[in-house]
Amino acid sequence: DTEVTQTPKHLVMGMTNKKSLKCEQHMGHRAMYWYKQKAKKPPELMFVYSYEKLSINESVPSRFSPECPNSSLLNLHLHALQPEDSALYLCASSQTGQGTDTQYFGPGTRLTVL
Amino acid sequence: AQRVTQPEKLLSVFKGAPVELKCNYSYSGSPELFWYVQYSRQRLQLLLRHISRESIKGFTADLNKGETSFHLKKPFAQEEDSAMYYCALDTGRRALTFGSGTRLQVQP
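Below is a short write-up of the structure. (Residues numbered from 1 in each chain as written. Chains lettered and ligands numbered in written order. Predicted model: local features only at pLDDT ≥ 70, side-chain atom pairs only at ≥ 80, totals over all residues. Heavy atoms only, no water.)

**Re the side chain of Q25 of chain A**
And step 1. Checked against the element boundaries, Q25 of chain A lands in strand β3 (residues 18–25).
And step 2. Setting aside residues no more than four positions away along its own chain, Q25 of chain A makes contact with E3, V4, M32, S71, S72 and S93 of chain A. (Helix = DSSP H or I, 4+ residues; strand = E, 2+ residues; numbered from the N terminus. Contact = heavy atoms within 4.5 Å.)

**Overview of the pattern of salt bridges**
And step 1. By the definition in use, this model includes 8 salt bridges over all chains.
And step 2. Between D81 of chain B and K74 of chain B there is a salt bridge, with the nearest N and O atoms lying 2.9 Å from each other. You'll find D81 of chain B and K74 of chain B in the same group, each marked buried.
And step 3. Overlapping salt bridges, with partners in common, bring together K36, R63 and D85 of chain A in one network. (Salt bridge = Lys/Arg side-chain N within 4 Å of Asp/Glu carboxyl O. Buried < 20%, exposed > 50% of the residue type's maximum accessible area, 1.4 Å probe, protein only.)

**Quick notes on the environment of L11 of chain A**
All names here are of chain A.
And step 1. With respect to the helices and strands, the residue L11 is situated in strand β2 (residues 10–13).
And step 2. Between the C-alpha atoms of L11 and L114, which are 103 residues apart in sequence, the distance is 11 Å.
And step 3. Not counting the four nearest positions on each side in its chain, L11 is found in contact with K19, L21, L78, T109, R110, L111 and T112.

**Some points on the nonpolar core**
And step 1. Counting 24 residues, the largest nonpolar core has W35, L72 and Y85 of chain B as the members making the most contacts within it.
And step 2. Of all the elements in the fold, those that place two or more residues in this core are β2 (10–14), β3 (19–21), β5 (32–38), β6 (45–49), β9 (83–90) and β11 (102–107) of chain B.
And step 3. The biggest single contributor to this core is β9 of chain B, with 4 residues.
And step 4. Look past the residues within four positions of Y85 of chain B in its chain and what remains in contact with it is Q6, L21, W35, Y36, V37, L47, F59, L72, G101, T102 and L104 of chain B.
And step 5. M13, V60, A87 and L111 of chain A belong to the second-largest nonpolar core, a separate cluster that totals 22 residues. (Core = buried A, V, L, I, M, F, W, Y, C linked by side-chain atoms within 4.5 Å.)

Next comes the structure, spelled out in structure tokens:
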């Protein structure tokens, strides 16, 4: 399996809901990433996990809570989101998280917050 | 702070014409630079990276540290090259900083 998979593909939630986004890879990669991409904008890094430890948090609001239960799985827990959080959420993985690594992206989860 | 600039939002060329997508960066250290591409309805994927010094699908990019540029070039554009192209920079933090992207449109 040489792909990063993300579920769900689409998610609509209210501002009081709690939901989670899931990302999975079985390439043996030890670094995993969450990016946020607004319409017609480039991806913006949110979090980096390296060897299941959070190594970078780009000052993301606490209503976004990442979790890396094991080396293949990455979750993003969502609570009390705002309409401006509506975006495409991309997950990526890379072999070791070195700067020269290729990052492999999933197809994204399109989130709409009502 | 590091920054990546792609000055053109849209580049439209005819099939067979040369293509150059511009990318400039600001970073005082030794950056790792990448070009990522997103074809219609497909996921973002790596096209090439400067450290490999390779040609992928006829595209090449040379890192010019003096001009802090990493322009993407192809001598003869094909219709299947139409896509969104992002230049990206990693300063060793294991975090990519993307440029705003250039949409390449190759007309028949």
